[in-house]
Amino acid sequence: MTRKRWMAGLTLAALALGAWQGPPAMVTSVAGYLPLDGLPSSLSLLPAPPTAGSAAQARDDEANRAALALHGGPRWDLAIQDADLSFPNAAATFSCAVNAPITEAQTPRLYALLRRTVGDLGRAPYAAKSKYMRARPFTVNNQPQCTPALDAALRRDGSYPSGHAAIGWGWGLILTEVAPDRADAILARGRAFTESRAVCNVHWRSDVQEGAVVGTAVVARLHASPAFRADLDAARAEIADARAKGLKPTRDCAQEAARLAAG
C-alpha cells in the first residue's frame, strides 16, 4: 500500500471515530512541492511523546507553567498573531527579521513560496499526530488558549508534534537562504514563532521541539525539488531588489521586538 493510500485510509477511519480531523483547510487547500508519499515520515523520525509521570513530562509541565505566566501580556499578544496562518498575515511574520516586505504586491515570488511550502510543512506532522493523539495542554490544565474560536477543532487534533512549529521553523530555514545576511535574526524569529505555540497553551514544549525537527526534515527534502529551487532563487533575487529599492518591513518592528523581549 502506498503512503498516500495509507494516509487516506487513516484519515477516513479517524473521521469515522470523530477523533481526528486531519490537516486544517489552510494546509490542505495549498498544493505543496512534494507529493504526499515524498514527505518525510514524522512517525519514523520522532520518538513517542512523553508519558504521564515521566521526567520528560515533568519538564513539559514546568515549561507550561512558565508559559501560562505570560498570558494577557505582550508576548501573549504576539502568540495570538503567530497563531494565524492565513495569508497575508502569516507571510509578514518574518518581515522584520528579513528587513524587507513580504507581500503579494511587493515580493510576490517570496509570498508564493511561503504559501506553497505550507502544504509540505503542514502535512508532514500528521502521521505522528494521528498515531499518538496527545492531549493539548489547555485540555489538561483548563486554562485559556489563544484561539478560542478553534477550541473544538484543536481538541480533535493531536498535540504532538506541532504543525505550526514545523511551518515556522521550516520557513525560518528557507528564509536564511533567501536573505543569508539576516540568518541570525530570521532563526531567532523562527524559534520565537515555534515557542508561541507553548505560550498559546495549545502545545507542550516537546511538541514544539519535535515539530521543528519535522520542519527541518521537510526543508531538506524540498531541496530535491527543481521547482522549489527555482522559486527559492527567484525569491532571493526579489528580496535583493526590494532592499535596493529601500522597501521597508510591513510589520511594526519596534512593537514586535518589545513583545519578543517580554517573553
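Preceding block: the structure.
Read on for a plain summary of the structure.

About the cut-offs
Residues numbered from 1 in each chain as written. Predicted model: local features only at pLDDT ≥ 70, side-chain atom pairs only at ≥ 80, totals over all residues. Heavy atoms only, no water. Disulfide = S-S within 2.5 Å. Helix = DSSP H or I, 4+ residues; strand = E, 2+ residues; numbered from the N terminus. Buried < 20%, exposed > 50% of the residue type's maximum accessible area, 1.4 Å probe, protein only. Axes fitted to C-alpha atoms, helices over the stretch in contact; angles between N-to-C directions. Parallel < 35°, antiparallel > 145°, perpendicular 65-115°, else oblique. Left-handed = near helix turned anticlockwise from the far one by under 90°. Contact = heavy atoms within 4.5 Å. Nonpolar A, V, L, I, M, F, W, Y, C, P; charged D, E, K, R; others polar. Core = buried A, V, L, I, M, F, W, Y, C linked by side-chain atoms within 4.5 Å.

1. Section: the state of the cysteines
Argument step 1. Tallied over the entire structure, the rule returns two disulfides.
Argument step 2. Bridging Cys96 to Cys253, the disulfide has an S-S length of 2.1 Å. Negative torsions about the S-S bond denote left-handed disulfides, and the value of about -95° found for Cys96 with Cys253 makes this one left-handed. With a gap of 157 residues between them, Cys96 in helix H6 (residues 95-98) and Cys253 in helix H15 (residues 253-261) connect regions that are remote in the sequence.
Argument step 3. The exposure class assigned to Cys253 is partly exposed, which follows from its relative accessible area of 30%.

2. Some details on the packing of helix H7 (residues 108-123) against helix H11 (residues 163-178)
Argument step 1. For the pair H7 and H11, interaxial distance at closest approach is 10 Å and the crossing angle is 140°. By the angle between their directions, the pair H7 and H11 is classed as oblique. Crossing angle aside, the handedness with which H7 passes H11 is right-handed. From H7, Leu110, Leu113, Leu114, Thr117, Val118, Leu121 and Gly122 reach across to H11, where they touch Ala166, Ile167, Gly170, Trp171, Ile174, Leu175 and Val178.
Argument step 2. For the contact of H7 with H11, the per-class residue count stands at eleven nonpolar, three polar and no charged.

3. Thoughts on the nonpolar core
Argument step 1. Within the largest apolar cluster, 41 residues are counted, with the highest numbers of intra-cluster contacts made by Phe94, Val98, Leu110, Leu113, Trp171 and Leu175.
Argument step 2. Listed by contribution, the elements that provide at least two residues to this core are H6, H7, H11, helix H12 (183-199), helix H13 (205-222) and helix H14 (226-244).
Argument step 3. With eight residues, H11 is the single largest residue contributor to this core.
Argument step 4. If we skip the residues at most four places from it in the chain, Leu175 touches Phe94, Val98, Leu110, Leu114 and Ile186.

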